[in-house]
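# Inside the fold
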Amino acid sequence: MVARLVVAAPGSGSGKTTVATGLMAALRRHGHRVAPFKVGPDYIDPGYHTLAAGRPGRNLDPVLVGEHRIAPLFRHGARGADTAIVEGVMGLFDGRIGHQVNAGGFGSTAHVAELIDAPVLLVVDTRGQSTSLAALLHGFRSYRPGVRMAGVILNQVGSDRHEQVLREACADVGLPVLGSVRRAAEVDVPSRHLGLIPAAEHGTPALRAVAAMADLVAASVDVDAVVQVARSAPAFDGPQWNPKDEVKPTAGRPVIAVAGGPAFTFGYAEHTELLRAAGAEVAIVDPIRDDRLPEGTAGLVLPGGFPEAHAEALSANEPLRNEVATLARSGAPVHAECGGLLYLVTKLDGQPMCGVLDAEAAMSPRLLLGYRDAVAAGTSPLHPEGTRVSGHEFHRTHTMPAHGETPAWIWRDHEGAIRREGFVQGGLHASYLHTHPAGNPEAIQAFTAACRGRV
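Structural notes, computed from the coordinates.

Reading guide: rules and limits
- For every chain, the first residue of the written sequence is number 1, and numbering continues from 1 along that sequence.
- Residue-level local features of this predicted model are given only where pLDDT is at least 70; pairs of side-chain atoms are given and counted only at 80 or more, and the full residue set underlies all totals for whole chains, interfaces and linings.
- Only hydrogens and water are set aside when side-chain values are computed; all heavy atoms of the structure are taken into account.
- The numbering of helices and of strands both runs from the N terminus, where a helix is a DSSP run of H or I of at least 4 residues and a strand a run of E of at least 2.
- The globule rule used here is 2.2 Å times the number of residues to the 0.38 power, and the radius of gyration it is set against is calculated over C-alpha atoms.
- Throughout, exposure labels follow a simple rule: accessible area from a 1.4 Å probe, protein chains only, divided by the maximum for the residue type, with under 20% read as buried, over 50% as exposed, and the rest as partly exposed.
- Note on definitions: a residue-residue contact is assigned when non-hydrogen atoms from the two residues lie within 4.5 Å.
- When charges are counted, neither His nor the chain ends are considered; positive counts come from Lys and Arg and negative counts from Asp and Glu.
- For this purpose, a charge sits on NZ of Lys, CZ of Arg, CG of Asp or CD of Glu.
- Paired strands, in this sense, are two strands between which DSSP finds at least two bridges.
- Angles shown run from 0 to 180 degrees and are taken between the N-to-C directions of axes, each axis being a line fitted to C-alpha atoms and, for helices, limited to the stretch in contact.
- Here the word oblique covers every angle except those under 35 degrees (roughly parallel), over 145 (roughly antiparallel) and from 65 to 115 (roughly perpendicular).
- Throughout, a crossing is termed right-handed when the near helix is turned clockwise from the far one, and left-handed when it is turned anticlockwise from it by less than a right angle.
- Any carboxyl oxygen of Asp or Glu within 4 Å of a side-chain nitrogen of Lys or Arg constitutes a salt bridge here.
- By definition, the arc is the one covered by directions from the helix axis to the C-beta atoms.
- In plain terms, two cysteine sulfur atoms within 2.5 Å form what is called a disulfide here.

## Quick look at the overall build of the protein chain
Looking only at helices and strands, the protein chain features 16 helices and 23 strands. Against the globule reference of 23 Å for 455 residues, the protein chain gives a C-alpha radius of gyration of 22 Å, in line with a compact fold. If one aligns the C-alpha atoms of the protein chain with their principal axes, the spans along those axes are about 70 × 45 × 45 Å. Per-residue burial for the protein chain yields a buried fraction of 60% across its 455 residues. By sequence separation, contacts in the protein chain at least 24 residues apart represent 75% of the contacts at least 6 residues apart. If you average the places of the 41 positive and of the 46 negative side-chain charges in the protein chain, the two averages end up 3 Å apart.

Okay, structure coming up:
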């Protein structure tokens, strides 16, 4: 049985990432085999979790994969670990708007905590609070009795006197304090328009930030007490998710290139696991540094990331841009999501890209963010026309036009208006919408089979 703990908070910006990442790294230093997880569709925090734990950070998102898959995916990601740390998303009960479950919002941290039967450690930003903390904790603990609040970590504590008053408030409601973290600028990680800069881009400073988080947690948190809370989680037996059970292997081992490197960091670990289980030979290509696609490439996956932050470097690699354009125009299967879409347009913020799509892209002042229930507008190597998926949109760029003659997706926005988005042409499926392959394994099966046809 793996010990497990969910790190949650009353709201965003409370310090969950610092505490969760530092706790993962501190436990690893103590010889624990730590499995890191993140609730929701976030790609950036799992990059820091990967550095901290030394194994892939994974996501637990009931909206994108279905709540029935959360426990099996958790067991899959926790194989070989003795402790699992799950970082929550937003506030403890914040989930998909308009979708409620007994634990709060559907897809919320509380929802996932119940699905994996894990205790919750609440990180509270205590700036501007003293005795009122007791009321806040009382409300969070009593709101959904099925969510087991196991303790509190006080964050942004200003002084010894401040800490004393806060501890008294926690004692009033019977919640133990497992740590008290003082203000520490050295763990700050630079941000930009969509949040933290991904660990893969931030390089050595990211390693230093993770080390600083570990030092801070080791000095401020009773790590042994946290381990005991994690070990209090009950037995959690059941089936593990296995990519080999989700897809059938394709003969011939087609080579599928998957973009990586600093510009394309938004991907789920289960994606390449499913591609390999479906019979593909996965080859990673860095569109900034590699000037050729891998030998024998039959298909290409362009995941999300921040190509807009690397537009000049991507544009300068003209040999690879030409190879990608040639591959796409040949009708080979190409799957591009969000950042991958931007790489295929003619220009991105004025910089020449691959020119596969007759569209330009640029930064926008408007953030598009949220889950979408989408329908495939046309048949592609991934989806037959009419396929329904749950996806997530998160970007500050826009393309002109917003979609091709055959869009990738159609959905209704929160006001009920129909929206068309993305491009399907030949073997290409390009869209801003992120989907989770574990929630759509049949798409990976179809894509790999289409690539097999190119061998």
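Now, onward.
## What about unusual backbone geometry?
Cis geometry marks the peptide bond from Met400 to Pro401, where omega comes out at 5 degrees. For Pro401, the location among the structural elements is in the loop between strand E19 (388-400) and strand E20 (409-412). A positive phi angle is found at Gln156, which is not glycine, with a value near 60 degrees. Of note, Gln156 is situated in strand E8 (residues 149-157). The residue Arg253 is not glycine, and still its phi comes out positive at about 45 degrees. Tracing the backbone through its elements, the reader meets Arg253 in the loop between helix H11 (243-246) and strand E12 (255-259).

## Regarding the sheet that holds strand E4 (residues 83-87)
Adjacent strands of a sheet pair through backbone hydrogen bonds, lying either parallel or antiparallel. Pairing within the open sheet is parallel, and its seven strands lie in the order E3-E2-E4-E1-E7-E8-E9. Either end of the sheet is taken by a strand with one partner, and the two such strands are strand E3 (58-60) and strand E9 (177-182). Adjacent strand axes in the sheet meet at a mean angle of 25 degrees, parallel and antiparallel pairs treated alike. With six bridges connecting them, strand E7 (residues 120-125) and E8 associate as parallel partners. Across the sheet, Val120 pairs through a bridge with Met149, a residue of E8. Along the sheet face, helix H7 (residues 160-172) touches E8 and E9 and points at about 160 degrees away from the line of E8.

## Brief notes about the packing of helix H2 (residues 44-53) against helix H9 (residues 204-220)
Orientation of H2 relative to H9, taken along the N-to-C sense of each, is 70 degrees, at an axis distance of 10 Å. Between H2 and H9, the angle falls in the class roughly perpendicular. Like other packed secondary-structure pairs, H2 and H9 cross with a definite hand, here right-handed. Here Tyr48, Leu51 and Ala52 of H2 come into contact with H9, specifically with Ala206, Leu207 and Val210.

## Digging into the pattern of salt bridges
This model, assessed by the stated rule, comprises 16 salt bridges. Of the charged contacts in the structure, one is a salt bridge between Glu163 and Arg167, with a shortest N-O distance of 2.9 Å. With Glu163 and Arg167 both in helix H7 and four residues apart, this pair spans about one turn of that helix. With its nearest N and O atoms 2.7 Å apart, the salt bridge here joins Arg372 to Glu393.

## A look at helix H6 (residues 133-143)
Within the sequence span of H6, burial applies to Leu133, Ala134, Leu137 and Phe140. Taken around the axis of H6, the buried residues stretch over an arc of 135 degrees, which confines them to a single face.

## Re the state of the cysteines
Inspection of every chain in the model, using the stated rule, returns zero disulfides. There is no disulfide at Cys354, and the cysteine sulfur nearest it, in Cys338, is 16 Å away. Using a relative accessible area of 7% as the deciding quantity, one classes Cys354 as buried. No disulfide involves Cys451; its sulfur sits 17 Å from that of Cys354, the nearest cysteine.

## With respect to the environment of His403
Here His403 is to be found in the loop between E19 and E20. Here His403 is in contact with Arg420, Glu421, Gly422 and Phe423, once residues within four sequence places are set aside.

## Some points on the sheet that holds strand E15 (residues 334-337)
One open sheet accounts for six strands, arranged E13-E12-E14-E15-E23-E22; its pairing is mixed. Edge positions in the open sheet fall to strand E13 (281-285) and strand E22 (423-425), since each of these has one partner strand only. Each strand of the sheet is rotated relative to its neighbour by a mean of 15 degrees, with strand direction disregarded. Strand direction decides the pairing type here: E22 and strand E23 (residues 428-431), joined by three bridges, are antiparallel. Paired with Gln425 across the two strands is Leu428, which belongs to E23. Helix-sheet contacts for helix H16 (residues 441-452) involve E12, strand E14 (297-302) and E15, and the interaxial angle to E14 is about 145 degrees.

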